[in-house]
Amino acid sequence: MNTAEMRTIAEPGCTLSVVVPMLNEEAGLVTLHQRLSAAIADIGGGYEILYVDDGSTDSTPEVLAQLQAQSRNISVLRFSRNFGKELAITAGLRHACGEAVVVIDADLQHPPEIIPDMVAAWRKGADVVNMRRRSRAGESWLKRTAAHLFYRSINKLSDTPIPENVGDFRLLSRRAVNALNQMPERNRFMKGLFSWIGFRQATIDFDAGLRATGRSKWPFGQLWALAIEGVTAFSIAPLKLASKVGLVSALLAFAAGLYFLVRTMLFGDPVQGFPTLIVIVLMLGGLQLMAIGIVGEYLGRLFLESKQRPLYLVESYLPASEFDAPARVEAARSA
Ligand code: UDP
Ligand code: MG
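Computed from a predicted model, the values in this text were never measured in an experiment.

Colleague: So what exactly am I meant to see when it comes to the pairing of strand E6 (residues 166-173) here?
Modeller: Working note: regular strand, side chains alternate between the two faces of the sheet. Burial analysis of E6 places eight of its eight residues in the buried class, the great majority of the element. Strand direction decides the pairing type here: strand E4 (residues 100-103) and E6, joined by four bridges, are antiparallel. When the sheet's bridge partners are listed, Val103 is paired in E6 with Arg170. The pairing of strand E5 (residues 128-133) with E6 spans four bridges and is antiparallel. For Asn130, the partnering residue across the bridge sits in E6 and is Arg170.

Colleague: Can you walk me through the packing of helix H5 (residues 141-157) against helix H8 (residues 220-234) in this structure?
Modeller: How two helices pack is summed up by the angle between their axes together with the distance between the axes. Relative to each other, H5 and H8 sit at 10 degrees, their axes nearing to 10 Å. In terms of their interaxial angle, H5 and H8 are classed as roughly parallel. Touching Leu142, Lys143, Ala146, Phe150, Ile154 and Leu157 of H5 are Phe220, Leu223, Ala227, Gly230 and Val231, all from H8. Per-class residue counts for the contact of H5 with H8 are nine nonpolar, one polar and one charged.

Colleague: What's the story with the state of the cysteines in this structure? I'm lost.
Modeller: Linking two cysteines covalently through their sulfur atoms gives a disulfide. Per the counting criterion, the structure on display carries one disulfide. What pairs with Cys14 in a disulfide is Cys97, and their sulfur atoms sit 2.1 Å apart. Across the S-S bond of Cys14 and Cys97 the torsion is about 70 degrees, and the bridge reads as right-handed. Of this pair, Cys14 sits in strand E1 (residues 14-22) while Cys97 is found in the loop between helix H3 (85-95) and E4, placing the two residues 83 residues apart along the sequence. Cys97 gets classed as buried once you look at its relative accessible area, which sits at 0%.

About the criteria used
Residues numbered from 1 in each chain as written. Chains lettered and ligands numbered in written order. Predicted model: local features only at pLDDT ≥ 70, side-chain atom pairs only at ≥ 80, totals over all residues. Heavy atoms only, no water. Buried < 20%, exposed > 50% of the residue type's maximum accessible area, 1.4 Å probe, protein only. Helix = DSSP H or I, 4+ residues; strand = E, 2+ residues; numbered from the N terminus. Pairing = 2+ DSSP bridges. Axes fitted to C-alpha atoms, helices over the stretch in contact; angles between N-to-C directions. Parallel < 35°, antiparallel > 145°, perpendicular 65-115°, else oblique. Contact = heavy atoms within 4.5 Å. Nonpolar A, V, L, I, M, F, W, Y, C, P; charged D, E, K, R; others polar. Disulfide = S-S within 2.5 Å.

Take a look at the structure:
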């Protein structure tokens, strides 16, 4: 599905789409589906559950095919390889047929039973229903502290406020989804994009459970990468910082130069000053490398954006038979 084929109006009869990005979730999938479909069976209106298989290498595709054979409400989108959760969500939002779209994790850390409350908030007029975790139970102290520091710094650096403890679990109205679908950038820091679009936002608190099965797919290194993505996508403050630090240190170096010059003229030059020299050289060298590094982070992203590659590749898309209007199936075939 390319940009031209992107859905902009909901499918008739499709009130709610639940988008579930997943990678290797075979163990918990059946339970997830049972709880999810039980939770949304009575929302009033048709629904689809859109499972986005982000290139799983276990039996997730087979389990999904089995589930889909038994239900008219399941859509399955499969990537050609693992493209990451942010892109799985992006693809899910582009293919979702609902008037409202809920994004939820596959590992049951986000309780599906709360979806009717989200739908109620949407029916009351909210465009974005943010789900805020009351506790980060089961996460290490290091991860919690790092997350806290990250939110503090990104909210200092960026003009778009990004609420703490609000993950990707949320509901979006059709116009919010359409707004997100218009964003072509590759650097998709979804938490930032969700809040960048604005509209009427509501917040519901919930208790995150423990991961039902398997383990978290976010090693610490990837979280660091995500944090850098977030900062560089939503702020150019580091670029400004680099030039400020550069300016200050250049001024310091100039003052030091003057000082040594005057001192030498007044008192001569005994063989001293070697340490000072080394210190200054090292300091300036370090600052320059830092500034170049920051510029490099942004330049690299500019380079990646400039190639205009598709964000992801779809291997297959099978819409729910409940809503398989010919146009949708056509779009799926040509994707
Ligand atoms: N996920 C994904 N692609 C990835 C990594 C994760 O679709 O490359 C899915 C994963 O299957 C789960 C959700 O994203 O449904 C959240 O992942 P996880 O539970 O590993 O992250 P955490 O809860 O630790 O932030
Ligand atoms: Mg999880």
